[in-house]
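A look at the structure
Given next are the chains, with one letter for each unit.
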Amino acid sequence: MTDRTAPAPRICPNCDGFATAAITTGSRDRHGHLPTIRANCPACDGLGTVPARRVPEGARA
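The text that follows walks through the structure, step by step, so that each part is easy to find. (Residues numbered from 1 in each chain as written. Predicted model: local features only at pLDDT ≥ 70, side-chain atom pairs only at ≥ 80, totals over all residues. Heavy atoms only, no water.)

Observations concerning the environment of Thr20
Rule in force here: Only DSSP runs of H or I covering at least 4 residues are called helices, and only runs of E covering at least 2 are called strands; the numbering of each starts at the N terminus. Using a 1.4 Å probe on the protein chains alone, a residue whose accessible area is under 20% of its type maximum counts as buried, one over 50% counts as exposed, and one in between counts as partly exposed. In this analysis, two residues are considered to be in contact whenever any of their non-hydrogen atoms come within 4.5 Å of each other. Counting of polar contacts relies on pairs of N or O atoms within 3.5 Å, with two restrictions inside protein: one atom must be capable of donating a hydrogen and the other of accepting it, and residues adjacent in sequence are counted only when both atoms are side-chain atoms.
Position of Thr20 among the secondary structure elements: in strand β2 (residues 20–24). Residue classification places Thr20 among the partly exposed residues on the basis of a relative accessible area of 36%. Expressed as a C-alpha distance, the spacing of Thr20 and Leu47, which sit 27 residues apart in the sequence, is 8.1 Å. For Thr20, the residues in contact, after removing those within four places along its chain, are Arg38, Ala39, Asn40 and Gly46. A distance of 2.9 Å separates a polar atom in the side chain of Thr20 from a polar atom in the side chain of Asn40.

This is the structure in structure tokens:
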């Protein structure tokens, strides 16, 4: 009897695991701070991982 578990998620190949970046808007507010916005990786939706691919049994990887 084999014990089958879900494969571990892979690191997103598009963002290399750095799924969210803080980008400055280029202007300063009245206190002199640089406001930032968060941009998420569109491939992994800001998670940094993608589901592992399942290889059919008997197939070559």
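Resuming the write-up.
What to know about unusual backbone geometry
The backbone of Asp16 shows a phi angle near 55°, a positive value even though the residue is not glycine. Among the structural elements, Asp16 can be located in the loop between β1 (10–11) and β2. Here Asp16 falls in the exposed class, since its relative accessible area comes to 56%. Its identity as a non-glycine residue notwithstanding, Asp45 has a phi of 60°, on the positive side. Here Asp45 lies in the loop between β3 (36–40) and β4 (49–50). For Asp45, a relative accessible area of 62% gives the class exposed.

Bear in mind that shape data such as this cannot, by itself, settle questions of function.
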